[in-house]
Amino acid sequence: MRLVVDLNRCQGFAQCAFLAPDVFVLHGGEALLFTSRFDEGLRDQVEQAAAACPVQAVLVDFSDEPAKGAEGHVG
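Notes on the structure in this doc start here. These numbers were taken from a predicted model, which means no experiment stands behind them.

Digging into the pairing of strand S3 (residues 31-34)
Point 1. As judged from the 4 bridges shared by strand S2 (residues 24-27) and S3, these two strands associate in the antiparallel manner. Looking at the pairing, His27 lines up with Ala31 of S3.
Point 2. Connecting S2 to the next strand, S3, in antiparallel fashion are 3 residues, including Gly28 with a positive phi near 70°.

A closer look at unusual backbone geometry
Point 1. Despite not being glycine, Ala14 shows a phi value in the positive range, around 65°.
Point 2. With respect to the secondary-structure elements, Ala14 resides in the loop between strand S1 (2-5) and helix H1 (15-19).
Point 3. Look at Ala14 and you get buried, because its relative accessible area is 12%.
Point 4. Its identity as a non-glycine residue notwithstanding, Gln56 has a phi of 50°, on the positive side.
Point 5. By secondary structure assignment, the location of Gln56 is in the loop between helix H2 (43-52) and strand S4 (58-61).
Point 6. Classification of Gln56 by relative accessible area gives exposed; the value is 62%.

What counts and what doesn't
- Residues numbered from 1 in each chain as written.
- Predicted model: local features only at pLDDT ≥ 70, side-chain atom pairs only at ≥ 80, totals over all residues.
- Heavy atoms only, no water.
- Pairing = 2+ DSSP bridges.
- Helix = DSSP H or I, 4+ residues; strand = E, 2+ residues; numbered from the N terminus.
- Buried < 20%, exposed > 50% of the residue type's maximum accessible area, 1.4 Å probe, protein only.

So this is what it looks like as structure tokens:
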């Protein structure tokens, strides 16, 4: 799981920094700093932060996780 932020779209509302301060930091009132890979224990906070972004600049990418319910089948 990784985090993707479109910094061209980000307007610095900092909702993400309030909801997931261990992952997002607003530096100098304008620049958003973030950690693209984060601990599984922060997953709920990061998902809430992504959902709260008013310009939808935050995306949580689950493409590196195994698909739920996808099991190998031989036969």
